Amino acid sequence: MNEVIELLLRRRSIRSFLNKPVDMDLIKDLIRVANHAPSSMNREPWKFIVITDPSIKERLSELHGGARHLANAPVAIAVVAEPDVSPETWMVDVVNATMYFVLAAYSVGLAVAWVAAFENETAKEILKIPKEKKLITLLSVGYPDPSYEVKPKAVKAPEEVIFLNRYGNPLG
Ligand SMILES: Cc1cc2nc3c(=O)[nH]c(=O)nc-3n(C[C@H](O)[C@H](O)[C@H](O)COP(=O)(O)O)c2cc1C
């Protein structure tokens, strides 16, 4: 094990945050890290909207049951993909950038939770995201509430996901 692997194994979705502001320069630094994520032809087909306005966070938190944590997060981030910039690979590229951001955030003591908001029309309208861009996800970001209880994580057994040479052939 090394520090990176330990971080990967430790990361969990945290949906409750301390009432403690997050420095905007830190958020900018984390987004700079995200810009280092691999993308096809290095096109970086993504944008990040940093949301601090409580009324916008509140409206977004009402999108669905799984979005409630946005309301108590000091910062929310909308991740936007650009199919017009990278028509064939934007989906993969933007996920790479999202995970770079998330893991970098955990590495500095922040916690993050996703909201499934893929192309949510209401959220796109609230955030004035142009039609040709894709809203991928909304992230709650903040310092973790230590009283938030994380349930043990169910992780698939390796033999369920690893094949050798051909699909379905167990690695053994
Ligand atoms: C694409 C995506 C959408 C998700 N949507 C939500 C959501 O709407 N609300 C939420 O609370 N968690 C959401 N999550 C978090 C997952 O529930 C969580 O990652 C999963 O249960 C595994 O738990 P862990 O992140 O603690 O390892 C989402 C995660 C991903 C990757």
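Scroll up for the structure.
Sequence order as written defines residue numbering, which begins from 1 separately in each chain. Residues qualify for local features only when their pLDDT is at least 70, as the model is predicted, and side-chain atom pairs are given and counted only at 80 or more; totals for whole chains, interfaces and linings, by contrast, use all residues.

1. Focus on the overall build of the protein chain
Scanning the protein chain from terminus to terminus reveals six helices and four strands. What counts as a helix is a DSSP run of H or I of at least four residues, what counts as a strand is a run of E of at least two, and both are numbered from the N terminus. Listing each helix as α and each strand as β along the protein chain from the N terminus yields α-α-β-α-β-α-β-α-β-α. As defined in this context, the radius of gyration uses C-alpha atoms, and a globule is described by 2.2 Å times the residue total to the power 0.38. Computed over its C-alpha atoms, the radius of gyration of the protein chain comes to 17 Å, within 12% of the 16 Å expected for a compact globule of 172 residues. Taken along its principal axes, the extent of the C-alpha atoms in the protein chain is 55 × 45 × 30 Å.

2. Quick look at the pairing of strand β2 (residues 75-81)
Each regular strand carries side chains that alternate between the two faces of the sheet. Once C-beta atoms are placed from the backbone, each residue is buried if 20 or more other C-beta atoms lie within 10 Å of its own, exposed if 12 or fewer, and partly exposed for counts between those two. Taken across its seven residues, β2 has seven buried, putting it largely inside the fold. Side chains Val75, Ile77, Val79 and Ala81 of β2 all project onto a buried face; the interleaved residues Ala76, Ala78 and Val80 project onto the opposite face, where all are buried too. The pairing of strand β1 (residues 46-51) with β2 spans six bridges and is antiparallel. Residue pairing for β2: phenylalanine 48 is matched across the bridge by valine 79. In short, DSSP must find at least two bridges between two strands for them to pair. Summarising the sheet, β2 and strand β4 (residues 134-142) pair through seven bridges and their orientation is antiparallel. Paired with alanine 78 across the two strands is leucine 138, which belongs to β4.

3. Focus: the environment of valine 75
With respect to the helices and strands, valine 75 occurs in strand β2. Overall, the presence of 23 C-beta atoms within 10 Å leaves valine 75 in the buried class. Between the alpha carbons of valine 75 and threonine 52 there is a distance of 5.2 Å; along the sequence they are 23 residues apart. Once residues lying within four places of it in the same chain are set aside, the contact partners of valine 75 are Val22, Ile27, Val50, Ile51, Thr52, Val141 and Gly142. The contact criterion used is a C-beta to C-beta distance within 7 Å, with each C-beta placed from the backbone.

4. Overview of the sheet that holds β4
Overall, antiparallel pairing links the four strands, which are arranged β1-β2-β4-β3 in an open sheet. Among the strands making up the open sheet, the edge pair consists of β1 and β3 (111-116). For this sheet, the mean inter-axis angle between neighbouring strands, taken without regard to orientation, is 25°. The convention used is that axes are lines fitted to C-alpha atoms, helices contributing only their stretch in contact, and that angles between N-to-C directions extend from 0 to 180 degrees. This element, helix α4 (residues 90-107), spans β1, β2, β3 and β4 of the sheet and lies at about 155° to β2.

5. A short note on unusual backbone geometry
Here the phi dihedral of asparagine 42 falls at roughly 55°; this positive angle occurs in a residue that is not glycine. Positionally, asparagine 42 belongs in the loop between α2 (24-34) and β1. Under the C-beta neighbour-count criterion, asparagine 42 is labelled exposed, with 9 such atoms within 10 Å. A positive phi angle, close to 55°, is found at glutamate 119, a residue other than glycine. Among the secondary structure elements, glutamate 119 is positioned in the loop between β3 and α5 (121-126).

6. Focus on α4
Think of an α-helix as 3.6 residues a turn; residues three or four steps apart then line up on the same face. In this analysis, the expected span of each helix is defined as 1.5 Å times one less than the number of residues it contains. The terminal C-alpha atoms of α4, which comprises 18 residues, lie 26 Å apart, in line with the 26 Å expected from a rise of 1.5 Å per residue. Among the residues making up α4, those that are buried are Trp90, Asp93, Val94, Ala97, Thr98, Phe101, Val102, Ala104 and Ala105. Projected onto a plane normal to the axis of α4, the buried residues spread over an arc of 170° and lie on a single side. Buried residues along α4 sit against α2, β1, β2, β3 and β4. After α4 finishes, the residue glycine 109 shows a positive phi value of roughly 90°. In this description, the arc belongs to the directions extending from the helix axis to the C-beta atoms.

7. Quick word on the site of the ligand
A molecule or strand has a residue near it when that residue's C-beta atom, placed from backbone coordinates, lies within 6 Å of it. In the vicinity of the ligand, the residues found are Arg12, Ser13, Arg15, Gly66, Ala67, Ala113, Trp114, Val115, Ala116, Thr137 and Lys153. Asp, Glu, Lys and Arg are counted as charged, while Ala, Val, Leu, Ile, Met, Phe, Trp, Tyr, Cys and Pro are counted as nonpolar; the rest, among them Gly, fall into the polar class. Tallied by class, residues from the shell around the ligand come to five nonpolar, three polar and three charged.

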